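Residues per chain, in single letters:
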Amino acid sequence: MIKVVIIGGGWGGCAAALSAAQAGATVLLLERTDLLLGTGLVGGIFRNNGRFTAAEEIISLGGQDLIATMDQSARHTNIEFPGHRHASLYDVGKIEAAVSELLQQHGIKVRLKTRITDVLRLGKLVRHIVTDNGEIIEGDVFIDATGTAGPMGNCLTYGNGCSMCALRCPAFGPRVSITARAQVKERNGEKLDGTFGAMSGSCKLHKESLSSALQDQLESTGVVVIPMPEMLKNKISLGKKACSQYALPEYRDNLVLLDTGHAKMMTSYFALEDLRQIPGLENARFADPYAGGKGNSIRYLGIAPCANTLQVDGVDNLFCCGEKFGIMVGHTEAVATGLLAGHNAVRYSLDMQYLQLPRTLAIGEFIAFVHEQMNEKQHLDVRYTFAGATFFNRMQELNLYSIDPSVIKARVAEAGLSDIFSQRLV
């Protein structure tokens, strides 16, 4: 039986586990904390703008289970907020348990609180990985889904300090890149000022710390848009945000809150004393990150060089997904790359030709375009997403954007890839 070992239990790692299991492999998913989904525990936005197209492509490609789980956990559907249409918001308080149950249904073994700190590579193969207590874990093929946040020191060096974010490095230890431990030279994204990394793009507020009126509006519509007091507009730094799809003037001129169970605040950080000057937020408190008044986690440090099949350069049995694959933002994007990485990991073990998604599909175009752009240094400060900015514009120019599921399903069928991720290979 083929054994696929996935390191990192975020959306990308969970998707890789599902597609590898559906292809017939035995799957072990390792996560260093006590919860799955990583930064997905702060997220919640999906099906907005081009993510609708990507979600429907994923469904037609056979990766429907995770999208269905998001849909079933949605607090609000088909909502609009500045720059974004037909969005859904999943409940961040319920989604992790739902995904965990889904993985169990597929027979995937999940080990939480298992932190990998070393790799044994011989030639072009990873032989085994090593936990922080010295346990050796072997596998036929490995998938690096460890993200790009790296150790807590990166937030101190490139950000405003440790913000005690969803990654919880002080408690569970910092992330360790499997790719770097396999002696592969990684790449870094940059900020607009040329320094490395980018700051996570949002915070969560305790909803009950808001005024009753704001709570009621969030519960009923999913969205609150509050005009920003003039004296606070210059406190918003759009250029530091990882999520370029929200780096719009509307997010400087307004405070945008979304109902994801908590109140998701669409800014990287906001000084608490300033936030409390906004009507309705006089008693506001950050739920995550705990130091959201000062900073947020730094990401895009340590991106794996890889092919469009998501095989890491120079290591035959190592694949990657999520932010490890390129400068991308978003859970839908992580799911798309995770499904491909898990599927191709099984193909590697069977000595089959790897699957490369065609550019006639939004996901195929996304993977190829991100890699092309990353070859040019001037584009290393851009974050790519189906949901906005550079790539959503490209989707529209190439007629890849659609909100008609039948059109998207037909496009996948024309590529000969219907249900490819749910087909058993073993």
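Conventions used here
Residues numbered from 1 in each chain as written. Predicted model: local features only at pLDDT ≥ 70, side-chain atom pairs only at ≥ 80, totals over all residues. Heavy atoms only, no water. Helix = DSSP H or I, 4+ residues; strand = E, 2+ residues; numbered from the N terminus. Rg over C-alpha atoms; globule rule 2.2 N^0.38 Å. Buried < 20%, exposed > 50% of the residue type's maximum accessible area, 1.4 Å probe, protein only. Contact = heavy atoms within 4.5 Å. Areas by Shrake-Rupley, 256 points an atom, 1.4 Å probe, with all protein chains shown as cover. Lys, Arg positive; Asp, Glu negative; His and termini not counted. Charge placed at Lys NZ, Arg CZ, Asp CG, Glu CD. 1 Å grid on protein atoms, 1.4 Å probe; cavity = no way out; pocket = protein on both sides within 12 Å on 5 of 7 lines; lining within 4 Å. Points joined across faces, edges and corners; volume = space filled by probe spheres on them. Nonpolar A, V, L, I, M, F, W, Y, C, P; charged D, E, K, R; others polar. Domains from an automatic or database assignment. Pairing = 2+ DSSP bridges. Axes fitted to C-alpha atoms, helices over the stretch in contact; angles between N-to-C directions. Parallel < 35°, antiparallel > 145°, perpendicular 65-115°, else oblique. Left-handed = near helix turned anticlockwise from the far one by under 90°. Polar contact = N/O pair within 3.5 Å; in protein donor to acceptor, adjacent residues only side chain to side chain.

**Thoughts on the overall build of the protein chain**
Inference 1: Per the secondary structure count, the protein chain includes 14 helices and 20 strands.
Inference 2: In summary, the protein chain has a C-alpha radius of gyration of 20 Å against a globular reference of 22 Å for 426 residues, a match within 12%.
Inference 3: Taken over the C-alpha atoms alone, the protein chain extends approximately 60 × 50 × 40 Å along its principal axes.
Inference 4: Out of the 426 residues in the protein chain, the part that is buried amounts to 61%.
Inference 5: Considering only intrachain contacts with a sequence separation of at least 6, the fraction spanning at least 24 residues in the protein chain is 74%.
Inference 6: Accessible area for the protein chain stands at about 15,700 Å²; split by element, carbon and sulfur atoms hold 48% of it.
Inference 7: Across the protein chain, the mean location of the 41 positive side-chain charges is 4 Å away from that of the 43 negative side-chain charges.

**A closer look at the layout of surface pockets**
Inference 1: Roughly 220 Å³ of internal volume is contained in the largest pocket.
Inference 2: The wall of the largest pocket is formed by Leu35, Leu41, Val92, Gly93, Cys165, Ala166, Arg168, Lys204, His262, Ala287, Asp288 and Tyr290.
Inference 3: Among the residues making up the lining of the largest pocket, the classes are represented as seven nonpolar, two polar and three charged.
Inference 4: Inspection of the lining of the largest pocket shows a minimum of three residues originating in each of domain 1 (3–196 + 298–415) and domain 2 (200–288).

**Some thoughts on the pairing of strand β5 (residues 84–90)**
Regular strands show a simple pattern: their side chains alternate between the two faces of the sheet.
Inference 1: By the criterion of burial, β5 is predominantly enclosed, with six of the seven residues buried.
Inference 2: Here strand β3 (residues 45–46) pairs with β5 via two bridges, running antiparallel. The residue of β5 that forms the bridge with Ile45 is Leu89.
Inference 3: Sheet topology places strand β4 (residues 74–81) next to β5; four bridges connect them, and they run antiparallel. Within β5, the residue paired with Phe81 across the bridge is His84.
Inference 4: The hairpin turn running from β4 into β5, its antiparallel successor, is two residues long, and Gly83 in that turn takes a positive phi close to 80°.

**A closer look at the sheet that holds strand β16 (residues 262–265)**
Inference 1: Read across the open sheet, the five strands follow the order β14-β15-β16-β13-β17; overall the sheet is antiparallel. Two strands lie at the open edges of the sheet, namely β14 (223–227) and β17 (286–288), each paired on one side alone. Within this sheet the neighbouring strands show an average axis-to-axis angle of 35°, counted without direction.
Inference 2: Here three bridges tie strand β13 (residues 203–205) to β16, and the two strands are oriented antiparallel to one another. From the neighbouring strand, Cys203 faces β16, where its bridge partner is Met265.
Inference 3: Strands in contact with helix α8 (residues 212–221) are β14, β15 (254–260) and β16; relative to β14, the strand with the most contacts, it is inclined by about 135°.

**Details of the packing of helix α12 (residues 362–374) against helix α13 (residues 389–397)**
Inference 1: It is the contact of α12 with α13, at a shortest axis distance of 11 Å, that shows an interaxial angle of 135°. Viewed along their axes, α12 and α13 adopt a mutual orientation that is oblique. Between α12 and α13 lies a crossing of right-handed hand. The segment α12 lies against α13, with Ala362, Glu365, Phe366 and Phe369 engaging Thr390, Phe391, Arg394 and Met395.
Inference 2: Of the residues in the contact of α12 with α13, the class split is five nonpolar, one polar and two charged.

**What about the sheet that holds strand β2 (residues 26–30)?**
Inference 1: Strand order in the open sheet formed by five strands is β6-β2-β1-β10-β20, and the pairing between neighbours is parallel. In the strand order of this sheet, the two ends are held by β6 (109–111) and β20 (318–320), each with one partner. The mean inter-strand angle of the sheet, taken between neighbouring strand axes irrespective of direction, is 20°.
Inference 2: Here strand β10 (residues 141–144) runs beside β20; their pairing, made up of three bridges, is parallel. Each residue of the ladder has a partner; that of Asp144, found in β20, is Cys320.
Inference 3: Here helix α1 (residues 11–22) sits on the sheet and contacts β1 (3–7), β2 and β10; the angle it forms with β2, its principal contact strand, is near 170°.

**Points about the side chain of Gln311**
Inference 1: Following the sequence through the fold, Gln311 ends up in the loop between β19 (301–303) and β20.
Inference 2: Of the residues examined, Gln311 reaches a relative accessible area of 16% and is grouped as buried.
Inference 3: Within the local environment of Gln311, its side chain forms a polar contact with the backbone oxygen of Asp316, the two atoms lying 2.8 Å apart.
Inference 4: What Gln311 contacts, discounting residues up to four positions off in sequence, is Pro305, Cys306, Asp316, Leu318, Phe319 and Tyr354.

**Some remarks on unusual backbone geometry**
Inference 1: The residue after Asp288, namely Pro289, is reached through a cis peptide bond having omega -10°.
Inference 2: Secondary-structure assignment places Pro289 in the loop between β17 and β18 (298–299).
Inference 3: A positive phi angle, close to 50°, is found at Lys113, a residue other than glycine.
Inference 4: Among the structural elements, Lys113 can be located in the loop between β6 and β7 (116–122).
Inference 5: On the basis of relative accessibility, which here comes to 61%, the residue Lys113 falls in the exposed class.
Inference 6: You will see that Asp351, though not glycine, has its phi angle at about 55°, which is positive.
Inference 7: For Asp351, a relative accessible area of 73% translates into the label exposed.

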